[in-house]
Amino acid sequence: MEEHVKNNPLGSEKVSGLMLKFAIPSIIAMIIGSVYNIVDQLFIGHAVGTMGNAATNVSFPLTTSCIALALLFGIGGASCFNLTMGRGNPQKAIHFVGNSAVLLFGSGLLLCIVSQIFLPALLKGFGTPPDVMPYAIEYVRITAIGFPFLILTAGGGHLIRADGSPKMTMACSIAGAVINTVLDALFVLVFGWGMTGAALATIIGQIISGVMVILYLRRFKTVPLKAEHLRLEWEYSKAIISIGMASFFNQLAMMVVQIVMNNSLTYYGALSVYGEAIPLACSGIIMKVYQIFFSIIIGLSQGAQPIESFNYGAKQYHRVRQAYWTAAGIGCGICIFSFVLFRIFPREILELFGRNTETYFEFGVKFFKIFMFFTWLNFLQPITSTFFTSIGKPKKGIFLSLTRQLLFILPLIVILPIRFGIIGLLYSAPIADLASAFVTFLMARGEFKQMKVLEEEEQRNSF
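Residues numbered from 1 in each chain as written. Predicted model: local features only at pLDDT ≥ 70, side-chain atom pairs only at ≥ 80, totals over all residues. Heavy atoms only, no water.

**Looking at the overall build of the protein**
Moving on, step 1. Counting its regular elements, the protein contains 18 helices and zero strands.
Moving on, step 2. Here the C-alpha radius of gyration of the protein, 22 Å, is about what a compact globule of 463 residues would show, namely 23 Å.
Moving on, step 3. Taking the principal axes of its C-alpha atoms as reference, the protein extends roughly 75 × 45 × 35 Å.
Moving on, step 4. Scored against the burial criterion, the 463 residues of the protein give a buried share of 60%.
Moving on, step 5. The contacts of the protein with a sequence gap of at least 6 include a subset with a gap of at least 24, amounting to 83%.
Moving on, step 6. The averaged location of the 23 negative side-chain charges in the protein is 4 Å from the averaged location of its 33 positive side-chain charges. (Helix = DSSP H or I, 4+ residues; strand = E, 2+ residues; numbered from the N terminus. Rg over C-alpha atoms; globule rule 2.2 N^0.38 Å. Buried < 20%, exposed > 50% of the residue type's maximum accessible area, 1.4 Å probe, protein only. Contact = heavy atoms within 4.5 Å. Lys, Arg positive; Asp, Glu negative; His and termini not counted. Charge placed at Lys NZ, Arg CZ, Asp CG, Glu CD.)

The structure is reproduced here in structure tokens:
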């Protein structure tokens, strides 16, 4: 084994131990990240009510945009860094970190400016009913200020993890979430600032997390990060964007589906006994609860990323397979657990976000039981999509990331309600989940067969 592989724990330590080291902090960081949104939902639900919850839901596509940019430049930069380190070129690898950091913060500034200028038009396009619009504008005017720091924290966490410090990634997320939670209670419940208070609590937490990421990057461990590495160069930026595109498109597709879903919920909700606000509020709460469990799956895939990237670059294919299957096995267990929880306790989960009418709970329970029916399969697509990105095959990752969102669920959201009304919307997800899982299985099986051929060729060449 080459010296640079032996000296790097990603290429020599036990894969199961590495998964624990990288995945657990990643999972905690992802769960804490999802707390930003769900904590606001909890306090707003009790202090403001259904209109406030509906407002946070219709504004969520902007948060999804932030995560999309964070994954584009964060996963792209981290994967390029690990792949290049695996090939034994640290001086080139560090340029990916510097370029990624600049792209993360710069894209956040741009999104903040665009959101402030076009906010009413954007919210209207997201499906915001007139009575919800004032709440949404009040909330997003403030939260948009935190976009650069949110994107830097979420994307910079991948760079920190790639540097072998997953616990620091976790610490950055925890610090912001704890501050957000404490200030939410103070601003919303004690001071009675409503939507403004929740928004202020959110951005203060995000700014502090972002500053922690900046301080870490100044002391990057593997290779020192210098000012010259922060100069944007097309060679590095292009590679980062190419590798991170799969995760970016997945989030972008989720945003498109979210916007269409919100508009459909508003339109078909108005034609049903539920009205406009109830479907929006219920779907917002349920999807954010689901994000807690889904964040564990994303954390697993992110924990496997540096292991898969480094060992694929080092041609240690058996370790790549082991990392993938470890993540997939744990992910399967988590998704089965969440499926059982959603089937047994849907009303109890909804009641955590405040008391409401029976009509509200009726729709919420149906949403849980129908929309989430194939939750137990939802580990396959994100873990496999990230796997393709990790091994430097972004086109396959991009295609796979789009299967559920654009190829399957989006057409179903448009077609099914025409015949079945608002309930037809709920059946779009289980059909899409099943079809996406089947495509993912076929693509993963094909890739592992191809990897086996590469492994056999490498063994023949070594003799």
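**Focus on the layout of surface pockets**
Moving on, step 1. Each pocket or cavity is described by its volume, and for the second largest pocket that value is around 190 Å³.
Moving on, step 2. Of all the elements in the fold, those that place two or more residues in the lining of the second largest pocket are α6 (90-125) and α10 (194-217).
Moving on, step 3. If one sorts the elements of the lining of the second largest pocket by residue count, α6 sits on top with three residues.
Moving on, step 4. Its residues assigned to classes, the lining of the second largest pocket shows eight nonpolar, no polar and two charged. (1 Å grid on protein atoms, 1.4 Å probe; cavity = no way out; pocket = protein on both sides within 12 Å on 5 of 7 lines; lining within 4 Å. Points joined across faces, edges and corners; volume = space filled by probe spheres on them. Nonpolar A, V, L, I, M, F, W, Y, C, P; charged D, E, K, R; others polar.)

**A few points about the side chain of Ser100**
Moving on, step 1. Within the secondary structure, Ser100 is located in helix α6.
Moving on, step 2. Those residues in contact with Ser100 that lie beyond four places of it in its chain are Phe73, Gly74, Gly77, Leu159 and Ile240.

**Side note on the pattern of salt bridges**
Moving on, step 1. By the definition in use, this model includes eight salt bridges.
Moving on, step 2. Between Lys366 and Glu362 there is a salt bridge; the shortest N-O distance is 3.5 Å. With Lys366 and Glu362 both in helix α15 (residues 358-371) and four residues apart, this pair spans about one turn of that helix.
Moving on, step 3. Glu362 gets classed as partly exposed once you look at its relative accessible area, which sits at 39%.
Moving on, step 4. Through salt bridges that share partners, Arg347, Glu351 and Glu358 make up one connected network. (Salt bridge = Lys/Arg side-chain N within 4 Å of Asp/Glu carboxyl O.)

**Side note on the packing of helix α12 (residues 277-313) against helix α16 (residues 380-390)**
Moving on, step 1. At a closest axis distance of 9 Å, the pairing of α12 and α16 adopts a crossing angle of 25°. One element, α12, and the other, α16, form an angle in the roughly parallel class. α12 and α16 meet at a crossing whose hand is right-handed. In this structure, α12 contributes Phe294, Ile297, Ile298, Ser301, Gln305, Glu308 and Ser309 to the contact, and α16 contributes Pro382, Ile383, Thr386, Phe387 and Ser390.
Moving on, step 2. Taken together, the residues that form the contact of α12 with α16 break down as six nonpolar, five polar and one charged. (Axes fitted to C-alpha atoms, helices over the stretch in contact; angles between N-to-C directions. Parallel < 35°, antiparallel > 145°, perpendicular 65-115°, else oblique. Left-handed = near helix turned anticlockwise from the far one by under 90°.)

**As for the packing of helix α8 (residues 147-162) against helix α9 (residues 166-190)**
Moving on, step 1. Their axes nearest at 7 Å, the elements α8 and α9 cross at an angle of 155°. On the basis of their axis angle, the class for α8 and α9 is roughly antiparallel. Of α9, the residues touching α8 (which contributes Gly157, Ile160 and Arg161) are Pro166, Met168, Thr169 and Cys172.

**Looking at the nonpolar core**
Moving on, step 1. Formed by 105 residues in total, the largest nonpolar core has its most connected members in Val97, Leu217, Phe220, Phe342, Tyr360, Phe363 and Phe371.
Moving on, step 2. The greatest single-element share of this core, amounting to 13 residues, is contributed by helix α11 (residues 234-270).
Moving on, step 3. With sequence-adjacent residues up to four places away left out, Leu217 is seen in contact with Val97, Ala101, Leu159 and Leu225.
Moving on, step 4. By size, the runner-up hydrophobic cluster in this structure holds 36 residues, among which are Ala323, Tyr324, Ala327 and Ile383. (Core = buried A, V, L, I, M, F, W, Y, C linked by side-chain atoms within 4.5 Å.)

**Here's the deal with the confidence of the model for the protein**
Moving on, step 1. Considering every residue of the protein, the mean pLDDT works out to 86; 96% of them sit at 70 or more.
Moving on, step 2. Highest mean pLDDT in the protein belongs to α6 (94); lowest belongs to helix α1 (residues 3-6) (55). (pLDDT = per-residue confidence, 0-100.)

**As for the environment of Ile24**
Moving on, step 1. You can see Ile24 is positioned in helix α3 (residues 15-47).
Moving on, step 2. Taking the C-alpha atoms as reference, Ile24 lies 7.5 Å from Gly303; in sequence the two are 279 residues apart.

**Some points on the side chain of Thr403**
Moving on, step 1. Mapped onto the secondary structure, Thr403 falls in helix α17 (residues 394-420).
Moving on, step 2. Within the local environment of Thr403, its side chain forms a polar contact with the side chain of Ser436, the two groups lying 3.4 Å apart.
Moving on, step 3. Each residue touching Thr403, except ones within four places of it in the same chain, is listed here: Gln381, Phe408, Ser436 and Val439. (Polar contact = N/O pair within 3.5 Å; in protein donor to acceptor, adjacent residues only side chain to side chain.)

**Points about a nonpolar patch on the surface**
Moving on, step 1. A contiguous nonpolar patch, built from Leu110, Ile113, Val114, Ile117 and Phe118 and spanning about 490 Å² of accessible area, is present on the exposed surface.
Moving on, step 2. Checked against the element boundaries, Ile117 lands in helix α6.
Moving on, step 3. Residue Ile117 is classed as exposed on the basis of its relative accessible area of 56%. (Patch = residues over 30% accessible without salt bridge, like charges linked within 9 Å, V, L, I, M, F, W, Y side chains within 5 Å. Areas by Shrake-Rupley, 256 points an atom, 1.4 Å probe, with all protein chains shown as cover.)

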